[in-house]
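Take a look at the letters that make up each chain.
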Amino acid sequence: MSKKNKKQRKMDKQNTQCDDEQQQTLEQQEVQATESATDTSSSQTPDNEQGVDAEQSIVKLQEELAKEKKEYLFLMADFDNFRKRTSKEKLDLIKNGAESAMRDLLPVVDDLERAIDAINKGGDLDSLKEGVNLIYNKFQRYLESQHVTPIDSTGKEFDTDLHEAVTMFPAPDPSMKGKVIDTTIKGYMINDKVLRHAKVVVGQ
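These numbers come from a predicted model, not from an experiment.

**A word on the overall build of the protein chain**
Secondary structure assignment for the protein chain yields 2 helices and 6 strands. Counting from the amino terminus, the protein chain carries its helices and strands in the arrangement α-α-β-β-β-β-β-β. When burial is assessed residue by residue, the protein chain has 12% of its 204 residues classed as buried. The long-range share in the protein chain, meaning contacts at least 24 apart out of those at least 6 apart in sequence, stands at 62%. In the form shown here, the protein chain has an accessible surface area of approximately 16800 Å², with 55% of it arising from carbon and sulfur atoms.

Here it is, written out as structure tokens:
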């Protein structure tokens, strides 16, 4: 073999080795690029998942807020209707109560008109007295039906919750000091509430 051929073979061998080295280098770079891309994809996946979860949470919260708002508006509407209904019922109760009270008083008015007519005609005095007493008793029964009762004041201890002192007067005896010795205007209770304080004279 000639020296020229040997030299050529040596150069070809060196070129082949260079090509192999370059090929290995390229393959290593491709592997590194693939691993880098995989790492980048892996690192981005949790962020993407978190973004999707956050969007879903926002949508869910918005739906719940809309539902709560709708229920609140329904509740407010129901309460407003309830308030209007109870106000109307209260007004009707007051109106009907006054209506009933006036209706029950009409028979007493009728009796009074008849008594006045009898007086104007000069009727018998004893009959007139009896008629007035009947009217008074009827009216008393009406008051009792409405749970209105007189306050028993004379001879009782003066009580500011029940009595209104119109004047002070020397007590006829020491035992009447601080007590009611006279009632100028009778007081009344309705159920357990004072309807009108009794106007009284208090002993001193």
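**Digging into the sheet that holds strand 4 (residues 188-190)**
Note: strands within a sheet are paired through backbone hydrogen bonds, in either parallel or antiparallel orientation. Taken together, 3 strands build an open sheet; the order of strands is 1-4-5 and the sheet is antiparallel. The open sheet has two edge strands, strand 1 (148-150) and strand 5 (193-196), and neither has a second partner. Adjacent strand axes in the sheet meet at a mean angle of 35°, parallel and antiparallel pairs treated alike. When strand 4 meets strand 5, the two strands line up antiparallel, connected through 3 bridges. Following the sheet pairing, tyrosine 188 is matched in strand 5 by arginine 196.

**Examining the sheet that holds strand 2 (residues 163-169)**
Strand order in the open sheet formed by 3 strands is 2-6-3, and the pairing between neighbours is mixed. Only two strands of the sheet have a single partner each, and these edge strands are strand 2 and strand 3 (180-185). Looking at each pair of strands side by side, their axes are set apart by 30° on average, direction ignored. Here strand 2 runs beside strand 6 (residues 198-203); their pairing, made up of 6 bridges, is parallel. Paired with histidine 163 across the bridge in strand 6 is alanine 198.

Rules used in this analysis
Residues numbered from 1 in each chain as written. Predicted model: local features only at pLDDT ≥ 70, side-chain atom pairs only at ≥ 80, totals over all residues. Heavy atoms only, no water. Helix = DSSP H or I, 4+ residues; strand = E, 2+ residues; numbered from the N terminus. Buried < 20%, exposed > 50% of the residue type's maximum accessible area, 1.4 Å probe, protein only. Contact = heavy atoms within 4.5 Å. Areas by Shrake-Rupley, 256 points an atom, 1.4 Å probe, with all protein chains shown as cover. Pairing = 2+ DSSP bridges. Axes fitted to C-alpha atoms, helices over the stretch in contact; angles between N-to-C directions.

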